[in-house]
Amino acid sequence: FDDQFIAQTCNLKSMVLNGDMDNTLTTSLGILRVLGEPLPKKPSLSAVLTSLVKTKRALRTKSDEYLTSLPEMTDKRVMKIMEILKILASAVYSLGSDYVPIVTFKMIRLTLKYGRTDSSSFAISGYGLLMNAILKDVEGAYRFGQLGVSLSSKATVPQTSLLVYGYIAHWRDNIGLTLDPLLNGFMEGLKYGAIEYACYNLHSYNIHILHSGQTSIQAIIQQQQVRLKQLIKVTKSYTSDLLRPCIQSALNLAGQAQDPVALTGEVMDE
């Protein structure tokens, strides 16, 4: 990618890391417009449904073998679009925006038309998440989640781990089976500089381990506090603050808070 585009993506990632999601959305939409792939300013329900139908139709006859055998994308303009859409997806997931399906469906269709990029595994896993959230199709969600995992490169493990093991796999598998992949997503996120996804993976890990019953509450608290300190060393962004409610919940469950039903104590004050 050229220097200007690299600077733009670095700026967007910095916005996400600092919790400036509204500006991330506005700036991303502007870049996409310049690249010739505009998104609607305010996605309507009809726009979401239309995009869903187009995407399901495009995928209808595509086998797992076909999807995993797609050629590498070579069109640099579309590669830039995919990179911006991936960054935008992080922002709109946090905002709970109607852009989530619009962005995901767009990435799927671009992948089918132009080939795979590193961002495609994220898109395919995201499609699985939406199949569960919108269509309540657990088996379909699991299928696309596992496809996303199989297509992941080392650099995209943090994103796919979050979507698959944070939001899809436990609907079918034992929740304990999600713990190692989420912890790996956290470590790979730190390794590759995907700090926001390191935080999101650890956030899901903390929730899942509390529900799994596999570890004592005191051990969970100790682990969570050590990893929070790890993150604070590399970022003091809003993403690391996502971990505090989980830690405080564990402290409350262990009887180490004055009010057991208020998230107020050692690590946060609601």
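Just so it is clear, the structure is predicted and the values come from calculations on it, not from any experiment. (Residues numbered from 1 in each chain as written. Predicted model: local features only at pLDDT ≥ 70, side-chain atom pairs only at ≥ 80, totals over all residues. Heavy atoms only, no water.)

**Student:** Would you explain the overall build of the chain in this entry?
**Tutor:** Scanning the chain from terminus to terminus reveals 14 helices and 0 strands. In terms of C-alpha radius of gyration, the chain reaches 19 Å, essentially the compact-globule figure of 18 Å for 270 residues. Each principal axis of the C-alpha atoms in the chain carries an extent, and together these give about 55 × 40 × 35 Å. Considering the chain as a whole, with its 270 residues, one finds that 51% of them fall into the buried category. Across the chain, every contact between residues at least 6 apart in sequence was considered, and the portion connecting residues at least 24 apart equals 68%. When the accessible surface of the chain is totalled, it reaches about 12,900 Å², and 53% of it is carbon and sulfur. (Helix = DSSP H or I, 4+ residues; strand = E, 2+ residues; numbered from the N terminus. Rg over C-alpha atoms; globule rule 2.2 N^0.38 Å. Buried < 20%, exposed > 50% of the residue type's maximum accessible area, 1.4 Å probe, protein only. Contact = heavy atoms within 4.5 Å. Areas by Shrake-Rupley, 256 points an atom, 1.4 Å probe, with all protein chains shown as cover.)

**Student:** I keep staring at the confidence of the model for the chain and nothing clicks. Help me out?
**Tutor:** Summary statistics for the chain give a mean pLDDT of 91 and a share of 98% for residues scoring 70 or more. Least confident of the elements in the chain is helix 13 (residues 238-241), whose mean pLDDT is 72; most confident is helix 6 (residues 99-114), at 96. (pLDDT = per-residue confidence, 0-100.)

**Student:** Would you explain the side chain of Thr111 in this entry?
**Tutor:** With respect to the element layout, Thr111 can be found in helix 6. Taking relative accessible area as the criterion, Thr111 reaches 4% and is therefore assigned buried. A polar contact of 2.9 Å, which involves the side chain of Thr111, links it to the backbone oxygen of Met107. Not counting the four nearest positions on each side in its chain, Thr111 is found in contact with Leu70, Met82, Arg116 and Ser120. (Polar contact = N/O pair within 3.5 Å; in protein donor to acceptor, adjacent residues only side chain to side chain.)

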